[in-house]
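Next come the chains, spelled out residue by residue.
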Amino acid sequence: HWTQGFREIAYRGASYRLGLLGVGQPANAALVLGVLDILRQQGLDVAVQAIKKGLADVRIYGRWELRFIGGPWVFDVAHNPEAVGHFLRTLRVSPWQRARPKRAILGFMKDKNYQGMVRQLAPHFDEFYFCAMDSRRAVNPKVLGDYLQPLTTAKIDIFSSVPRALTCALKAEQPAFTALLGS
């Protein structure tokens, strides 16, 4: 169901679609359903169809936001090592865990632990597009590329802006999976 933009969970014999794909979302949904069970016991009855619609329709844009642009693209505002770890855990349970090649389009701010994030991502992607973000706080993409180079044999490209990186990515041969990450 991932390719259609949802996951399914079972809770007390019923099936629920989740509009959020992140690895932690089934546990979050189960918590919501548990709270609704308690509220139901106290007299607040929410229609099952309303619950199913709410769980299926909920979105957090920029958090494992899946789009198909010639192939699967995930947009995630992962901006610290914990968020990148969450992104990677979700990738590991997704249908694209073994897909190759994978492309990452990245840009980070200087006040973030960009070295830690680049280190985490290094073994999981075959191509890296580092781009300059429109901020004085942004890390120079060449610095990111220079940091990554000894950590991987992946292809590294440097771009002067996010739009230029995206334009190049869209014109290039489409990989099996593309992720746009950063802050």
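Look up a bit, the structure's there.
Structural notes, computed from the coordinates.

Rules and cut-offs
- Residues numbered from 1 in each chain as written.
- Predicted model: local features only at pLDDT ≥ 70, side-chain atom pairs only at ≥ 80, totals over all residues.
- Heavy atoms only, no water.
- Pairing = 2+ DSSP bridges.
- Helix = DSSP H or I, 4+ residues; strand = E, 2+ residues; numbered from the N terminus.
- Axes fitted to C-alpha atoms, helices over the stretch in contact; angles between N-to-C directions.
- Contact = heavy atoms within 4.5 Å.
- Buried < 20%, exposed > 50% of the residue type's maximum accessible area, 1.4 Å probe, protein only.
- Polar contact = N/O pair within 3.5 Å; in protein donor to acceptor, adjacent residues only side chain to side chain.
- Core = buried A, V, L, I, M, F, W, Y, C linked by side-chain atoms within 4.5 Å.
- Parallel < 35°, antiparallel > 145°, perpendicular 65-115°, else oblique.
- Left-handed = near helix turned anticlockwise from the far one by under 90°.
- Nonpolar A, V, L, I, M, F, W, Y, C, P; charged D, E, K, R; others polar.
- Phe/Tyr/Trp six-rings, centres within 6.5 Å; stacked < 30°, edge-to-face > 60°.
- Lys NZ or Arg CZ within 6 Å of the ring centre and 35° of its normal.

### A closer look at the sheet that holds strand S3 (residues 65-68)
Moving on, step 1. Pairing in this open sheet of 6 strands is mixed, and the strands run S3-S4-S8-S5-S6-S7 from one edge to the other. A strand with exactly one partner marks an edge of an open sheet, and here the two such strands are S3 and strand S7 (155-159). Neighbouring strand axes in the sheet, compared pairwise and without regard to direction, differ in orientation by 20° on average.
Moving on, step 2. Bridging between strand S5 (residues 102-107) and strand S6 (residues 127-131) involves 4 bridges; their strand directions are parallel. What sits directly across from Ile105, in S6, is Tyr129.
Moving on, step 3. Contacts from helix H6 (residues 162-171) reach strand S4 (72-76), S5, S6, S7 and strand S8 (177-182), with the element oriented near 150° to S6.

### So, the pairing of strand S1 (residues 7-11)
Moving on, step 1. Covered by surrounding structure in S1 are Arg7, Ile9 and Tyr11 only, the residues Glu8 and Ala10 on the alternate face being uncovered.
Moving on, step 2. As judged from the 5 bridges shared by S1 and strand S2 (residues 14-18), these two strands associate in the antiparallel manner. Looking at S2, one finds that Ile9 is bridged to Tyr16.
Moving on, step 3. The hairpin formed by S1 and S2 contains 2 residues between the paired strands, and Arg12 there has a positive phi angle of roughly 50°.

### Section: the environment of Asn80
Moving on, step 1. For Asn80, the location among the structural elements is in the loop between S4 and helix H3 (81-93).
Moving on, step 2. Relative accessible area serves as the criterion here: at 26%, Asn80 is assigned to the partly exposed category.
Moving on, step 3. With 32 residues separating them along the chain, Asn80 and Lys112 place their C-alpha atoms 6.4 Å apart.
Moving on, step 4. A distance of 2.7 Å separates a polar side-chain atom of Asn80 from the backbone nitrogen of Ala83.

### Notes on the nonpolar core
In a soluble, globular protein the nonpolar side chains are often hidden away together inside.
Moving on, step 1. Membership of the largest hydrophobic core comes to 31 residues, with the highest contact counts inside it found for Trp64, Phe87, Leu121, Phe128 and Phe177.
Moving on, step 2. If you list the elements that add at least two residues to this core, you get H3, S5, helix H4 (114-121), S6, helix H5 (141-148) and S8.
Moving on, step 3. If one sorts the elements of this core by residue count, H3 sits on top with 5 residues.
Moving on, step 4. Residues within four places of Phe128 in sequence aside, it is in contact with Ala104, Leu106, Leu121, Ala122, Leu148, Ala154, Lys155, Ile156 and Asp157.
Moving on, step 5. Formed by 9 residues, the second largest nonpolar core is a distinct cluster that contains Tyr11, Leu36, Ile51 and Leu55.

### Remarks on the packing of H3 against H4
Moving on, step 1. Interaxial distance between H3 and H4 falls to 9 Å at its minimum, and their mutual angle equals 15°. The pairing of H3 with H4 is recorded here as roughly parallel in orientation. By crossing handedness, the relation of H3 to H4 is classed as right-handed. Mapping the contact onto sequence places Pro81, Val84, Gly85, Phe87 and Leu88 in H3 and Met117, Gln120 and Leu121 in H4.
Moving on, step 2. In the contact of H3 with H4, the residues fall into 6 nonpolar, 2 polar and no charged.

### Re the packing of aromatic side chains
Moving on, step 1. The full count for this structure, using the stated rule, is 8 aromatic pairs.
Moving on, step 2. Taken together, the ring pairs connect Trp64, Phe68, Phe87, Trp96 and Phe177 into an aromatic cluster.
Moving on, step 3. Sitting over the ring of Phe6, Arg17 keeps its end group 3.8 Å from the ring centre.

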